[in-house]
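Fold and geometry: a report
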Amino acid sequence: MEYDGLSRPIFKDGVFSNPWKTWKMAGTTDLIRWKFFYSDRTNLPSDNKILDQNLPVHQISDEEIKKFCEDDASKKFKVIWIGHSTSLINFNNIIILMDPIFSERASPIKIAGPKRFRPVPITIDRIPRVDAVVISHNHYDHLDYDSIIALYKKFGENKKDPINWFVGRGTGQWFENSGIKNNVHEFTWWESKKFKDLEFIFTPAQHWSSRGITDRNKALWGGWIIQSNSSKIYFAGDTGYCDTFKEIGKKYGPIDYSFIPIGAYEPRWMMAPQHVDPEEAVKIHMDVRSNKTFAIHWGTFALASEYYMEPKQKLSELMEKFAEDKNNFITLEHGVINEF
C-alpha cells in the first residue's frame, strides 16, 4: 500500500496496538497504585435530590420519541444524550445509536462493577426505530451485551429492514458468538461503507480493547465519521490525545457535529494515554475543525477519580482559555431532545 500519511494500527500475531509514541498501556502496578494509594475525588452525593439538581434526567414520553424518529430531519440534526457515550441521533432521517449501554452496570456481571448513578431516560423497548448502531470498541461501558441483544430482538431478528451494526475489526466475532450473524460490518481505520444515504468511516483512536483476560487488543478500537451529501458528524469513541485528530480534521473537516469524551481522566499518570481530559477534548474539537461538539463519557458512571461534576465545570473554562465560543462545545442534559 502506498503511504498516504494516515495513521494505521499495528497488527501482529493477532493483536492490535497503537502506532503513536503517546501510547502506554497501564499495568498491574498502575492499577494497584490507583486503587489503593490515590485519593478518590468523585464525591458522588448519596442524596438523589442533589443529583437531580446537578444532572437532571428528562424521562422521554412515547409521543416525544415517536416525533423524534418520524419527523423530517433532512434539514436539521436531532440528538438525545442517553448517558455516558450513548447518544441517539436522527441524521438525514436515519436513526443511529452510538455505543448503547442501557444496563444498570458497566460490567460482565450484574451484581458488581461500575453502577449507573443517573437513570436511563428511555428503555430500548420504547424506542420505535433504530436503523444503525456504531460501536467504538468492546469495553463493557461501550459494548453492553443486554443492550445489544434487546436491540437485536426488537430491530434485527426476522425484520424486513433490519438494524445494521458498524464495528471495528475483530468485534464481529463477538456478535456472531452472541447469535447476531447478519448485517454486522467490520472495519479497520479509514475503511468505509455506504448505508442508505450515508457513508460510515471508521477512524483512529488511541485506546485498547478487552472483554476478558485472554482477548486483550484482539479487536480494534476507533471512532466514526458519518457523512451525508451535505453534512458530517464525528463520534470520537474512547481515546487519549494523539496526532490522529489533526489527520481526521485535514481529511474530513470541517465537521458539523461531533461527540467527544470529557470524563474519566484522573489520575493523569494512568489515564492520560487512554482517556482525554477536558483540555485535550477541546484540542480534539479544534483539530477536527468541529462546528458544534457535544460532550460524552461523563455524568453517568464513575469510572475514574475526578469530582463527578468537574468535567463540565472545566469544559467551560477551557473554551475561554482557547478563545473558543462556549456554545460550540456543550454538555447536554440526559434525555432532552435537541434540534440544530
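Refer to the structure above for everything that follows.
All values derive from a computational prediction rather than experimental measurement.

Any empty space left between atoms is shown by rolling a water-sized probe over those atoms. Of the pockets and cavities examined, the largest pocket occupies roughly 1,000 Å³. Around the largest pocket, the lining comprises 34 residues; the ones closest to its centre are Leu31, Trp34, Lys35, Trp208 and Leu303. At the level of secondary structure, the elements contributing two or more residues to the lining of the largest pocket comprise α1 (28-37) and α7 (268-271). In terms of residue count, the dominant contributor to the lining of the largest pocket is α1 (four residues). In this model, the second largest pocket occupies a volume close to 210 Å³. Of the residues in the lining of the second largest pocket, the class split is five nonpolar, two polar and six charged.

Here we take up the sheet that holds strand β11 (residues 223-227). Pairing in this open sheet of seven strands is mixed, and the strands run β9-β10-β11-β12-β13-β14-β15 from one edge to the other. Only two strands of the sheet have a single partner each, and these edge strands are β9 (192-195) and β15 (329-330). The pairing of β9 with strand β10 (residues 198-203) spans four bridges and is classified as antiparallel. For Phe195, the partnering residue across the bridge sits in β10 and is Leu198. On top of the sheet, helix α8 (residues 278-287) reaches β12 (232-235), β13 (255-261), β14 (290-296) and β15; it is set at about 160° to β13, its chief contact.

The alternating pattern of strand β8 (residues 184-187) places His185 and Phe187 on a buried face and Val184 and Glu186 on a face that is not buried. Pairing of strand β7 (residues 164-168) with β8, which is carried by four bridges, proceeds in the parallel orientation. Among the inter-strand pairings, Val167 is bridged to a residue of β8, identified as Glu186. The parallel pair β7 and β8, bridged by helix α5 (residues 172-177), forms a crossover whose chirality is right-handed.

In this section: helix α4 (residues 145-155). All buried positions along α4 are accounted for by Ser147, Ile148, Ile149, Leu151, Tyr152 and Phe155. On its buried face, α4 is in contact with β5 (94-98), β6 (132-134), β7 and α5.

What follows concerns empty space enclosed by the protein. All chains considered together, the criterion is met by one cavity of 30 Å³ or more. Lining the largest cavity are 17 residues; nearest its centre among them are Ala264, Gly299, Phe301, Ala302 and Glu306. Each residue belonging to the lining of the largest cavity can be placed in one class, and the counts come to ten nonpolar, six polar and one charged.

Take the side chain of Glu280 next. The topology assignment puts Glu280 in helix α8. Here Arg268 takes part through its side chain, which lies 2.7 Å from a polar atom of the side chain of Glu280. Dropping the residues within four chain positions of it, Glu280 is found in contact with Tyr241, Arg268 and His275.

Reading the values: the criteria
Residues numbered from 1 in each chain as written. Predicted model: local features only at pLDDT ≥ 70, side-chain atom pairs only at ≥ 80, totals over all residues. Heavy atoms only, no water. 1 Å grid on protein atoms, 1.4 Å probe; cavity = no way out; pocket = protein on both sides within 12 Å on 5 of 7 lines; lining within 4 Å. Points joined across faces, edges and corners; volume = space filled by probe spheres on them. Helix = DSSP H or I, 4+ residues; strand = E, 2+ residues; numbered from the N terminus. Nonpolar A, V, L, I, M, F, W, Y, C, P; charged D, E, K, R; others polar. Pairing = 2+ DSSP bridges. Contact = heavy atoms within 4.5 Å. Axes fitted to C-alpha atoms, helices over the stretch in contact; angles between N-to-C directions. Buried < 20%, exposed > 50% of the residue type's maximum accessible area, 1.4 Å probe, protein only. Right-handed = clockwise from strand over helix to strand, strands pointing away. Polar contact = N/O pair within 3.5 Å; in protein donor to acceptor, adjacent residues only side chain to side chain.

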